[in-house]
Amino acid sequence: MAAVSGGLWRRCAVDLNRAVRSVCGSGRALAGAVRAEEMAERLRERKREEERKLFILHRFSPQIPKDPAQRRLRKLATLSKKFQQVHPNVLAKILKEATLYQNEEIVVINKPYGLPVHGGPGVKNCITDVLPILAKMLENMKAEPLHLCHRLDKETTGVMVLARNKEAAERIRLLFKTRQVEKIYWAISLGDPDPAEGIVEIPIVEKEVQSHQSHYKMTLAPNYRVSPEEGKVVKIRKNRDAESAVTRYRRLARSSACSLLELQPITGVKHQIRVHLAYGLGCPILGDHKYSHWSKLAPQKLPEITLKRLKLKQSKARHLPLHLHAHRLSLPLDKRIDLVCKPPPFFQKTLEKLELDIAND
């Protein structure tokens, strides 16, 4: 009886162990299934959150233009804002990659579009502020900060000279001041200057424009005017605040109601090229919304043929960038250094679209 009871007990124990293992296995499987379901739910929730974000972005953000030309314009329109958002080290690295030439005295960069040279209201990053960082990137941690030798407008691209020390900077600034540096710009203008080649020599002065939105502009201050009574040209009193300004120009090509001009500013007055072209020759630079009108601040009005070639609507003309490029600079140091910089991609693309081909003019 005892033997039977012992055998029965052992069988019961075995069956119990099997039952426990089965229950535990089922429990683990159940727990695993619960965890898998929780993970799937988290993934579904994450997907729903991403879809909500995409909906909000699509609903409240500006639409990305489908047309490639308008996408390029939108990109350029936001470029200057991006320059103000990056870390100064990043901006210095951008300028390092834009280096055209350097020796023991100077560093020459290809200035990007939309980057201011000096600081001012709303300017977080400018070329002046990152010159110490750029110097260290080009040489070593003990490098002396680079020095500005001249300036370009925020929207102007091209050749810009920096000096490695104060002595070289003062020497080069004197060369600019005494007009020993030959500067050649390229600009795409609206209209065709008449004559096709010549010199504009009209003083320039800064004036306040009285309109619904008062602002300041540089403008012409000629020494002569036409007498309304007699219709004769008479000399007038010189504006004591006006500066002498001389610009040599030459048409390289013309097409689509526009021209490609080569410009040599003999003097260095603020906005000289822009003012002489717009108010002196009646051919404002493409994308120069400031000097295309006098009494108002408004987007530049473009001819139909120009809009058609650019595949642009007049309502989007405000995004058109200034097409002014510092193309070449000849610097007489120990030996004359000729520095040439190709126009940026947006400038070259506009030349192609407008069919402004130098070789075929």
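What you are looking at is a predicted structure, and each value in this text was computed from that prediction instead of being measured. Residue numbers run consecutively from 1 along every chain, following the written order of its sequence. Two thresholds apply to this predicted model, a pLDDT of at least 70 for residue-level local features and 80 or more for giving and counting side-chain atom pairs, whereas whole-chain, interface and lining totals are computed over all residues. For side-chain calculations, the full set of non-hydrogen atoms in the structure is used, while hydrogens and water are omitted.

*Asks:* Where do I start with the overall build of the chain in this structure?
*Replies:* Counting secondary structure elements, the chain contains eight helices and 14 strands. Here the chain, with 361 residues, has 40% of them falling under the buried criterion. Should any heavy atoms of two residues lie within 4.5 Å, those residues are considered in contact. Residue pairs at least 24 apart in sequence account for 64% of intrachain contacts in the chain once pairs closer than 6 positions are excluded. Looking at the chain as shown, the accessible area adds up to about 21700 Å², and 54% of this sits on carbon and sulfur atoms. Runs of H or I in DSSP of at least four residues are treated as helices and runs of E of at least two as strands, each being numbered from the N terminus. Exposure is judged per residue with a 1.4 Å probe applied to protein chains only, and the accessible area is read against the type maximum: over 50% gives exposed, under 20% gives buried, and values in between give partly exposed. Method for areas: the Shrake-Rupley scheme with a 1.4 Å probe, in which residue coverage is limited to the protein chains shown.

*Asks:* Could you clarify how one ought to interpret the pairing of strand β7 (residues 204–209) in this entry?
*Replies:* On a regular strand, each side chain points to the face opposite its neighbour's, so the side chains alternate between the two faces of the sheet. Two strands qualify as a pair provided that DSSP identifies no fewer than 2 bridges between them. Bridging between β7 and strand β8 (residues 215–220) involves six bridges; their strand directions are antiparallel. Bridged to Val205 within β8 is Thr219.

*Asks:* Explain unusual backbone geometry to me, please; I cannot follow it from the model alone.
*Replies:* In this structure, Pro195 follows Asp194 across a cis peptide bond, with omega equal to 5°. Within the secondary structure, Pro195 is located in the loop between β5 (182–190) and β6 (197–201). One non-glycine residue, Ser256, adopts positive backbone phi at about 55°. Secondary-structure assignment places Ser256 in the loop between β11 (246–255) and β12 (258–265).

*Asks:* Can you help me understand a nonpolar patch on the surface in this one?
*Replies:* Taken together, the side chains of Tyr224, Val226 and Val233 present a nonpolar region at the surface, about 320 Å² in accessible area. With respect to the helices and strands, the residue Tyr224 is situated in strand β9 (residues 224–226). Looking at Tyr224, the relative accessible area reads 47%, which means it is partly exposed. Each patch is built from salt-bridge-free residues with over 30% relative accessible area, joining like charges within 9 Å and nonpolar side chains (Val, Leu, Ile, Met, Phe, Trp, Tyr) within 5 Å. Between Lys or Arg on one side and Asp or Glu on the other, a salt bridge is scored when a side-chain nitrogen of the former is within 4 Å of a carboxyl oxygen of the latter.

*Asks:* Sorry if this is basic, but what is going on with the side chain of Ser256 here?
*Replies:* Given the relative accessible area of 9%, Ser256 is considered buried. As used in this structure description, the phrase polar contact means that two N or O atoms lie within 3.5 Å; if the pair is within protein, one of them must be able to donate a hydrogen and the other to accept it, and residues adjacent in sequence are counted only when both atoms belong to side chains. For Ser256, the side chain forms a polar contact with the side chain of Ser255, separated by 3.2 Å. With near-sequence residues (within four places) excluded, Ser256 lies in contact with Ile305, Thr306, Arg309 and Leu354.

*Asks:* Sorry if this is basic, but what is going on with the pattern of salt bridges here?
*Replies:* Pairing is possible between side chains that carry opposite charge, provided their charged atoms lie close to one another. All told, the structure shown has 13 salt bridges when counted by the stated rule. With a shortest N-O distance of 3.1 Å, Arg171 and Glu105 are connected by a salt bridge. Placement of Arg171 in helix α5 (residues 166–177) and of Glu105 in the loop between β1 (99–102) and β2 (106–111) is noted, with a sequence separation of 66 residues between them. Glu352 is paired through a salt bridge with Lys349; the nearest N and O atoms lie 3.9 Å apart. Separated by three residues within a single helix, Glu352 and Lys349 lie in helix α8 (residues 345–354), roughly one turn from each other. Exposure remark for Glu352: the relative accessible area of 56% places this residue in the exposed category.

*Asks:* Could you clarify how one ought to interpret helix α4 (residues 127–138) in this entry?
*Replies:* Since there are 3.6 residues in each turn of an α-helix, residues three or four apart along the chain are aligned in direction. Residues of α4 that are buried: Ile127, Val130, Leu131, Leu134, Ala135 and Leu138. Here the buried residues of α4 occupy an arc of 165° about the axis, which is enough to place them on one side. Buried positions along α4 lie against α3 (88–97), β1, β2, β3 (147–148) and β4 (157–163). Working note: the arc is built from the helix axis to C-beta atom directions.

*Asks:* How do you make sense of the nonpolar core when you look at a structure like this?
*Replies:* A general tendency of soluble globular proteins is for nonpolar side chains to be buried together. As used here, the term nonpolar core means buried Ala, Val, Leu, Ile, Met, Phe, Trp, Tyr and Cys residues forming a set that is joined through side-chain atoms within 4.5 Å. Counting 32 residues, the largest nonpolar core has Ile127, Leu146, Leu162 and Leu263 as the members making the most contacts within it. Looking at which element gives the most residues to this core, the answer is α4, with six residues. In this view, Leu263 contacts Lys183, Ile184, Tyr185, Ala187, Thr247, Arg248, Tyr249, Ile273 and Leu277; residues no more than four positions away in its chain are not counted.

*Asks:* Looking at this structure, I do not really get the packing of aromatic side chains. What am I missing?
*Replies:* Note on aromatic pairs: each is described by the distance of the centres and the angle between the planes. Only Phe, Tyr and Trp rings are paired, with Trp represented by its six-membered ring, and only when their centres lie within 6.5 Å; those with planes under 30 degrees apart are stacked, over 60 edge-to-face, the remainder tilted. All chains considered together, the criterion is met by three aromatic pairs. Geometrically, the ring pair formed by Tyr279 and Tyr291 is edge-to-face, given 6.0 Å between the ring centres and 75° between the ring planes. Of the two residues, Tyr279 sits in helix α6 (residues 272–280) while Tyr291 sits in the loop between α6 and α7 (304–310), which places them 12 residues apart along the sequence. Plain terms: the ring middles of Tyr279 and Trp294 are 6.1 Å apart, the flat faces sit at 80° to each other, and that makes the pair edge-to-face. Here Tyr279, found in helix α6, pairs with Trp294, found in the loop between α6 and α7; they are 15 residues apart in sequence, far enough to count as distant. Owing to a relative accessible area of 24%, Tyr279 belongs among the partly exposed residues under this scheme. Every member of this aromatic cluster is reached through a ring pair, and the members are Tyr279, Tyr291 and Trp294.

*Asks:* Even after reading the chapter, I still don't get the packing of α3 against α4, so can you show me in this structure?
*Replies:* For any two helices packed against each other, the geometry is given by the interaxial angle and the distance between the axes. Helix axes use the C-alpha atoms of the stretch in contact, all axes being lines fitted to C-alpha atoms, and the angles between their N-to-C directions lie in the range 0 to 180 degrees. For the pair α3 and α4, the least separation of the axes is 8 Å and the interaxial angle reads 65°. If you check the angle between α3 and α4, you find them roughly perpendicular. Remark: the crossing between α3 and α4 carries right-handed chirality. Contacts between α3 and α4 pair Pro88, Asn89, Leu91, Ala92, Lys93, Leu95 and Lys96 from the former with Ile127, Val130, Ile133, Leu134, Met137 and Leu138 from the latter. Residues are grouped as follows: nonpolar covers Ala, Val, Leu, Ile, Met, Phe, Trp, Tyr, Cys and Pro; charged covers Asp, Glu, Lys and Arg; every other residue, Gly included, is treated as polar. In terms of residue class, the contact of α3 with α4 is built from 10 nonpolar, one polar and two charged. Any angle between 65 and 115 degrees counts as roughly perpendicular, while under 35 counts as roughly parallel, over 145 as roughly antiparallel, and the rest as oblique. If you view the pair so one helix is near and one far, a crossing is left-handed when the near helix is turned anticlockwise from the far one by less than a right angle, and right-handed when it is turned clockwise.

*Asks:* How should I be thinking about the side chain of His276 in this particular structure?
*Replies:* Along the chain, His276 turns up in helix α6. Judged by its relative accessible area of 1%, His276 is buried. At 2.9 Å, the side chain of His276 forms a polar contact with the backbone oxygen of Ile202.

*Asks:* It is not clear to me how α5 should be interpreted in this structure. Could you clarify?
*Replies:* Helix span, as expected, comes to 1.5 Å for every residue beyond the first. A rise of 1.5 Å per residue sets the reference length of α5, with its 12 residues, at 16 Å; its end C-alpha atoms lie 16 Å apart and thus fit the reference within 8%. Every buried residue belonging to α5 is among Ala168, Ala169, Ile172, Leu175 and Phe176, and all of these are buried. An end-on view of α5 places all buried positions within 120° of arc, on one side of the element. Along α5, exposed side chains directed more than 90 degrees from the buried face belong to Lys166, Glu167, Glu170 and Lys177.

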